[in-house]
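# An overview of the molecular structure
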Amino acid sequence: YALGNLYRLEGDFPKAMNTLLEGLHLAEELKDTYVTGRYVSSIGIVYSQMNDNLQAIKYFKKSRSLFEMMGNTTMVSQLNANISRGFRRSNQLDSALVYTKMALEYPDIDKEDALSSWVIMESGTLQFELGNKEGAFTSLHKCIDINAGNDDNFYGSFAFNVMAGFFIKSGQPDSGIYYAKK
């Protein structure tokens, strides 16, 4: 599992896919539902990074079904956000909104952890694409606040980049530069 994800992080998608598929086969032979779900999710991430969003969605949905059977709400929420992102990147914004809403129903969304921050950031990104500037800024600022409170600026930096991109696309480069520097 770790080796396949390492290849993915290095950008060697063919090696990542082969390694993850081998691991998936073993996990399925062992009938380990949790590990199978993790492998299927990682394969979806590889497809997502290769911009094959329809394949990514297929694998994320399969993984989500496995985690739903186990009652793992954390992984279900994360996978709903991944599915939403796949639909958003495919410009299927209505479907993206459905899955974003499901991701935001995560029971611990107010816990202010990294998963909550990421789901909220994805929601803000989608809101921009739907033309809901106010909703987007509300979500992205909440993401930034969560990260600042946790002394972890990882997703907060993504949120600032989303805002910068919005302003640049809106013909407001000064605001775009301001948020990009944050």
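Residues numbered from 1 in each chain as written. Predicted model: local features only at pLDDT ≥ 70, side-chain atom pairs only at ≥ 80, totals over all residues. Heavy atoms only, no water.

### Observations concerning helix 6 (residues 93-104)
For helix 6, with 12 residues, the first-to-last C-alpha span of 16 Å sits near the 16 Å given by 1.5 Å per residue. Considered for burial, the residues of helix 6 that qualify are L93, A96, Y99, T100 and A103. The arc enclosing the buried residues of helix 6, seen along the axis, measures out at 125°, which places them on a common side. Next to the buried residues of helix 6 lie helix 4 (53-70), helix 5 (73-89) and helix 7 (114-129). (Helix = DSSP H or I, 4+ residues; strand = E, 2+ residues; numbered from the N terminus. Expected span 1.5 Å × (residues − 1). Buried < 20%, exposed > 50% of the residue type's maximum accessible area, 1.4 Å probe, protein only. Arc of directions from axis to C-beta. Contact = heavy atoms within 4.5 Å.)

### Considerations on the pattern of salt bridges
Taken as a whole and judged by the stated rule, the model has five salt bridges. A salt bridge links E122 to R85; the shortest N-O distance between them is 3.2 Å. Residue E122 is located in helix 7, and its partner R85 is located in helix 5; the two are separated by 37 residues in the primary sequence. Of the two residues examined, E122 and R85, each falls in the buried class. A salt bridge links R88 to E122; the nearest nitrogen and oxygen atoms lie 3.2 Å apart. Residue R88 is located in helix 5, and its partner E122 is located in helix 7; the two are separated by 34 residues in the primary sequence. Here R88 matches E122 in class, with each residue buried. (Salt bridge = Lys/Arg side-chain N within 4 Å of Asp/Glu carboxyl O.)

### Let's talk about the layout of surface pockets
The volume enclosed by the largest pocket comes to roughly 340 Å³. Lining the largest pocket are 16 residues, with R8, I45, Q49, N82 and R85 sitting closest to its centre. Going through the elements one at a time, helix 1 (2-9), helix 3 (33-49) and helix 5 are the ones with two or more residues in the lining of the largest pocket. Here the lining of the largest pocket takes six residues from helix 3, the largest share from any one element. In this model, the second largest pocket occupies a volume close to 250 Å³. (1 Å grid on protein atoms, 1.4 Å probe; cavity = no way out; pocket = protein on both sides within 12 Å on 5 of 7 lines; lining within 4 Å. Points joined across faces, edges and corners; volume = space filled by probe spheres on them.)

### A closer look at the packing of helix 5 against helix 7
Running from N to C, helix 5 and helix 7 point in directions that differ by 25°, and their axes come no closer than 10 Å. As the angle between them shows, helix 5 and helix 7 are arranged roughly parallel. Considering the relative orientation of helix 5 and helix 7, their crossing is left-handed. Residue-level contacts link T74, S77, Q78, A81, N82, S84, R85 and R88 of helix 5 to L115, W118, V119, E122, T125, L126 and E129 of helix 7. Split into classes, the residues belonging to the contact of helix 5 with helix 7 amount to five nonpolar, six polar and four charged. (Axes fitted to C-alpha atoms, helices over the stretch in contact; angles between N-to-C directions. Parallel < 35°, antiparallel > 145°, perpendicular 65-115°, else oblique. Left-handed = near helix turned anticlockwise from the far one by under 90°. Nonpolar A, V, L, I, M, F, W, Y, C, P; charged D, E, K, R; others polar.)

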